Amino acid sequence: MGSLENQLEEEFANLKISGANQKYVRHYLGLIQGKDTPTYEHSARLAILGARAAECLGPAIDPKTMFFAGALHDIGKIAIEEEILQKTEGFNAEDMKKMEAHPIISYLLLERIDPCSAEIALRHHHHQENGYPSDEEIERLSKLTNGEKVKIEFYSLIFSLLDVYDAATTRKNDKHNGDVLTPEEARLMLIDKNPEMEKEINTLYDGGVLGNGNIILPNSIVAAPARDDLVTSIASMVNGTPQ
């Protein structure tokens, strides 16, 4: 197991991501890291877990799409105060209101340059317990056709599982009585909260994507180079020909 940076490099190579798109992803990860290191670490792990989960679950999910979504899904947190991001307990109503805005902010930042990541980011907390944004807010913002919506919803469900798993097994917070869950405790929690996804959850564990103790941490600072545009076309993803 290498450092977080080394594993990101491996995924860039495995997925054959272009140099321009690597710079773009690193730019956004650098913005996140400049705001809050734990959020950066979470985003980088979600990029890696997303790609590996897609490979494990088969051709219905594109690894590159999940990699980009993982790296970028929390970019909206750059608009939230550091003291709120750094809290692990004692959130008040105003804190929660600000935190619950971050999927919408992520969507607005990404919708014109990476619409696929934008749509997943918009929904990544929606399927969780006490999820947000609301159905009405998503419907107001989302630009998906009915055919696109079915596939994005499935991507978002898988991504939500990974998001909850990583947070539960790496961070202390109010949701789990201030504890960090073991991978097996996280499996039971995920199945309890998402019984319709039990097959996928067990497949991810059996395939070694989750539950293998592969907690990856950074050992270097990510620079924020000049931004290069990245476009992952929703239409091409739905048609099975991701960029």
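Residues numbered from 1 in each chain as written. Predicted model: local features only at pLDDT ≥ 70, side-chain atom pairs only at ≥ 80, totals over all residues. Heavy atoms only, no water.

**A few points about the packing of helix α2 (residues 19-35) against helix α3 (residues 37-57)**
Operational definition: For helices, the axis comes from a line fit to the C-alpha atoms of the stretch in contact; other axes are also lines fit to C-alpha atoms, and the angle between any two N-to-C directions lies between 0 and 180 degrees. Only DSSP runs of H or I covering at least 4 residues are called helices, and only runs of E covering at least 2 are called strands; the numbering of each starts at the N terminus. Any two residues whose heavy atoms approach within 4.5 Å are treated as being in contact. Charged means Asp, Glu, Lys or Arg here, nonpolar means Ala, Val, Leu, Ile, Met, Phe, Trp, Tyr, Cys or Pro, and polar covers whatever is left, Gly included.
Two numbers describe how α2 lies on α3: the axes approach to 6 Å, and their chain directions differ by 145°. Contact with α2, carried on its side by L29, I32, Q33 and K35, involves T37, T39, Y40, S43 and A44 of α3 and no other residues of that element. Here the residues of the contact of α2 with α3 are counted per class, giving four nonpolar, four polar and one charged.

**Structural notes on helix α12 (residues 198-206)**
The test is simple: Partly exposed residues are those whose accessible area sits between 20% and 50% of the maximum for their type, while under 20% is buried and over 50% is exposed, using a 1.4 Å probe and protein chains only. As used here, the arc belongs to the directions running from the helix axis to the C-beta atoms.
The set of residues buried in α12 consists of E200, I201, L204 and Y205. Seen along its axis, α12 keeps its buried residues to an arc of 135°; they face one direction. Of the exposed residues in α12, the ones pointing more than 90 degrees away from its buried face are K199 and D206. Structurally, α12 contributes buried residues whose contacts are with α3, α10 (146-170) and α11 (183-193).

**Quick word on a nonpolar patch on the surface**
Quick reminder of the rule: A patch is a set of surface residues, each over 30% in relative accessible area and not in a salt bridge, joined within 9 Å for like charges and within 5 Å for the nonpolar side chains Val, Leu, Ile, Met, Phe, Trp and Tyr. Using a 1.4 Å probe, accessible areas were evaluated by the Shrake-Rupley method; residue-level cover was limited to the displayed protein chains. Only one rule defines a salt bridge in this text: a Lys or Arg side-chain nitrogen within 4 Å of an Asp or Glu carboxyl oxygen.
Taken together, the side chains of L31, I78 and L109 make up a nonpolar region of the molecular surface, amounting to roughly 200 Å² of accessible area. With respect to the helices, strands and loops of the structure, L31 is situated in helix α2.

**Section: the nonpolar core**
For the record, the criterion: Working definition of a nonpolar core: buried Ala, Val, Leu, Ile, Met, Phe, Trp, Tyr and Cys residues. They are joined through side-chain atoms within 4.5 Å.
Formed by 30 residues in total, the largest nonpolar core has its most connected members in M66, L162, L190, I201 and L210. If you list the elements that add at least two residues to this core, you get α3, α4 (63-72), α8 (115-123), α10, α11 and α12. Among the elements that make up this core, the one with the highest residue count is α10 (nine residues). When neighbours within four sequence positions are excluded, I201 is seen to be in contact with L161, R187, L190, I191 and N194. Grouped together as the second largest cluster of nonpolar side chains are 29 residues, L29, A44, F68 and L72 included.

**Observations concerning the side chain of S43**
Mapped onto the elements of the fold, S43 is located in helix α3. When neighbours within four sequence positions are excluded, S43 is seen to be in contact with L29, I32, G70, A71, H73 and D74.

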